[in-house]
Amino acid sequence: MDTTIFQQAFADTQVLTVPWSIDYFSVIVGVLTGALFACDRKLDIIGTVVLGLLTGYGGGIIRDVLLQDHGVYFTSHPDLIVICIAICVFVFYFRGLFRHLDATVFFADALSVGLFALAGASKAFSLEQGLVLSIILGAITAVGGGAVRDICVGETPGIFQQSN
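Below, the structure is looked at part by part. It should be emphasised that the depicted structure is a prediction, and the values quoted were computed from it without experimental measurement.

Rules and cut-offs
- Residues numbered from 1 in each chain as written.
- Predicted model: local features only at pLDDT ≥ 70, side-chain atom pairs only at ≥ 80, totals over all residues.
- Heavy atoms only, no water.
- Helix = DSSP H or I, 4+ residues; strand = E, 2+ residues; numbered from the N terminus.
- Buried < 20%, exposed > 50% of the residue type's maximum accessible area, 1.4 Å probe, protein only.
- Salt bridge = Lys/Arg side-chain N within 4 Å of Asp/Glu carboxyl O.
- Core = buried A, V, L, I, M, F, W, Y, C linked by side-chain atoms within 4.5 Å.
- Contact = heavy atoms within 4.5 Å.

1. Focus on unusual backbone geometry
No. 1: Phi at Lys-42 is positive, roughly 60°, even though this residue is not glycine.
No. 2: Inspection of the secondary structure assignment puts Lys-42 in the loop between helix 2 (20-40) and helix 3 (45-67).
No. 3: On the basis of relative accessible area, Lys-42 is assigned to the exposed category, the value being 72%.
No. 4: One non-glycine residue, Glu-128, adopts positive backbone phi at about 60°.
No. 5: By the element assignment, Glu-128 lies in the loop between helix 6 (102-126) and helix 7 (131-152).
No. 6: You can call Glu-128 exposed: its relative accessible area is 73%.

2. Considerations on the pattern of salt bridges
No. 1: The final tally for this structure, using the stated rule, is four salt bridges.
No. 2: Close ionic contact of Glu-155 with Arg-41 constitutes a salt bridge, the shortest N to O distance being 2.8 Å. Here the residue Glu-155 occupies a position in the segment after helix 7, and Arg-41 occupies one in the loop between helix 2 and helix 3, the gap between them amounting to 114 residues.
No. 3: Salt bridges here are not isolated pairs; linked through shared partners, they connect Arg-63, Asp-64 and Lys-123.

3. Some thoughts on the nonpolar core
No. 1: With 21 residues, the main nonpolar core has Val-27, Leu-36, Tyr-57, Tyr-73, Leu-80, Cys-84 and Val-91 as its most contacted residues.
No. 2: Counting residues per element, the ones that place at least two in this core are helix 2, helix 3, helix 5 (78-93) and helix 6.
No. 3: In terms of residue count, the dominant contributor to this core is helix 2 (seven residues).
No. 4: Aside from chain neighbours lying at most four places away, what touches Cys-84 is Val-27, Val-31, Leu-53 and Tyr-57.

Pasting the structure below:
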């Protein structure tokens with residue numbers, strides 16, 4: 001296949017930007033699932049906050065480090081960091097409220113993975129990284145936080161297990 005035809009097909013493609021509200025929702029759901037994961041593992045408050053933040057931001061941090069010199073999302077939204085820490089503290093002290101929400105949290109987590117993939121690919125594509133690299137960085141953004149979270153507690157990342 002001629003690469004110029006391929007490049008022409010995507011030359012006029014507009015970058016799909018993710019609205020800040022959806023971006024925030026993805027991070028918040030990632031943080032929530034990370035904090036619940038920490039509570040299931042009986043971690044203390046510090047462990048809950050750290051795993052929550054790693055799950056919500058981990059994939060984006062990996063993506064931004066790989067993109068080099070294009071800014072790190074984590075540091076450019078300090079208001080979201082404070083909200084996420086508050087969510088982790090709330091989940092730690094009121095974890096009983098979340099015991100019956102497993103299906104809802106699972107659905108929200110699956111939705112956030114898709115939104116993280118879209119946000120990651122969109123950022124890479126807007127920085128002219130090309131289609132293939134944008135897809136790869138979208139995938140890393142989507143699953144990176146959960147993989148880092150699992151590694152931190154000494155488990156094989158769920159993304160690497162056959163059941164997924």
